[in-house]
Amino acid sequence: MSGDHKTLIKGSPSQYVKLNVGGTLFYTTIGTLTKSDNMLRTMFSGRMEVLTDSEGWILIDRCGKHFGTILNYLRDGTVALPDTFREIMELLAEAKYFLIEELTDSCQQALSKKEREAEPICRVPLITSHKEEQLLIMSTSKPVVKLLINRHNNKYSYTSTSDDNLLKNIELFDKLSLRFSGRVLFIKDVIGSNEICCWSFFGHGKKCAEVCCTSIVYATDKKHTKVEFPEARIYEETLGILLYESRNGPDQDLIQATSSRGAVGGLSCTSDEEEERSGLARLRSNKQNNQS
């Protein structure tokens, strides 16, 4: 632009300068701009020419949206970062451009924290083929619980309680997947066998147990599908599959002792931790009884 020229800026730390950053105007001291080792310190140390207009404004070809945050950081050594992921990314770009290492590190740490917060607590794969199922089961070091939901393939009518029990099975699956997500891989299957609702439990790549929740009943000479909700047995099998967390596998005597499990009473009246302790206590008790 006409009247723009390059000049060296050098003065005392208390001297004020006028900055035009991408059309946004700022007024600050040379002391603030040269307070720490960064590009601005180089620009205003008298060793580097800067572009000024006819009115004495120093022109910096950057977006001025976050330059006020840059100045506040130089003044105080700390600054409140923006709330949104996008604005932190924008501030990070400016901090990198002006070579402000400490602010760059703070932005990167804030971004990493937001990424962790955005991560789902629990991921449940939805398999679409038998090959996908095998790859998932064989590639994980965790025990696996699979729920097959295949209602759309059913050719029979349902009993009056079937839909309600099917929903209860799905709700229990969601509850267990949230509780044990760090220890067990939960997967859903919507294309599997002819069964409508079936739980499968895998340890070290092999099926250890299965709970089929569907059966055929006859009423008025017609076939009807019955969906059950054996909550206690499903819960016990889930506890049992935790024995396969170890790479060495569970103790064979313990497997034998838990092959036939009793019902779990009072699940709704106890906390999750109490349920697990109670279930594991029963496993040990069964083992001791079998040994005696």
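Residues numbered from 1 in each chain as written. Predicted model: local features only at pLDDT ≥ 70, side-chain atom pairs only at ≥ 80, totals over all residues. Heavy atoms only, no water.

Put simply, the rule is: UniProt positions are given in the numbering used here, feature names are shortened, and annotations may be inferred rather than shown by experiment.
As recorded by an unreviewed UniProt entry, the protein chain carries the name BTB/POZ domain-containing adapter for CUL3-mediated RhoA degradation protein 3 and is attributed to Vanessa tameamea. Checking UniProt for the protein chain, the heading Subcellular location (unreviewed entry) contains the comment "Nucleus". The Pathway (unreviewed entry) comment attached to the protein chain in UniProt states, word for word, "Protein modification; protein ubiquitination."

## Comments concerning the pairing of strand S2 (residues 16-21)
Quick reminder of the rule: At least two bridges found by DSSP between two strands are what make those strands a pair. Strands are runs of DSSP state E lasting at least 2 residues, helices are runs of H or I lasting at least 4, and numbering of each runs from the N terminus.
Strand direction decides the pairing type here: S2 and strand S3 (residues 24-29), joined by 6 bridges, are antiparallel. Looking across to S3, one finds that valine 21 is bridged to threonine 24. Adjacent in sequence and paired antiparallel, S2 and S3 are bridged by 2 residues, among which glycine 22 carries a positive phi angle near 60°. Judged from the 3 bridges that link them, S2 and strand S5 (residues 58-60) form a sheet pairing that is parallel.

## Thoughts on helix H7 (residues 162-179)
The following threshold applies: Between the first and last residue of a helix there are one fewer steps than residues, each counted as 1.5 Å, and that sum is the expected span. In what follows, a contact means two residues having at least one pair of non-hydrogen atoms within 4.5 Å.
Here H7 spans 26 Å end to end across 18 residues, near enough to the 26 Å set by a 1.5 Å rise per residue. Packed against the buried residues of H7 are strand S7 (144-149), strand S8 (157-158), strand S9 (185-189), strand S10 (197-203), strand S13 (222-227) and helix H8 (231-241).

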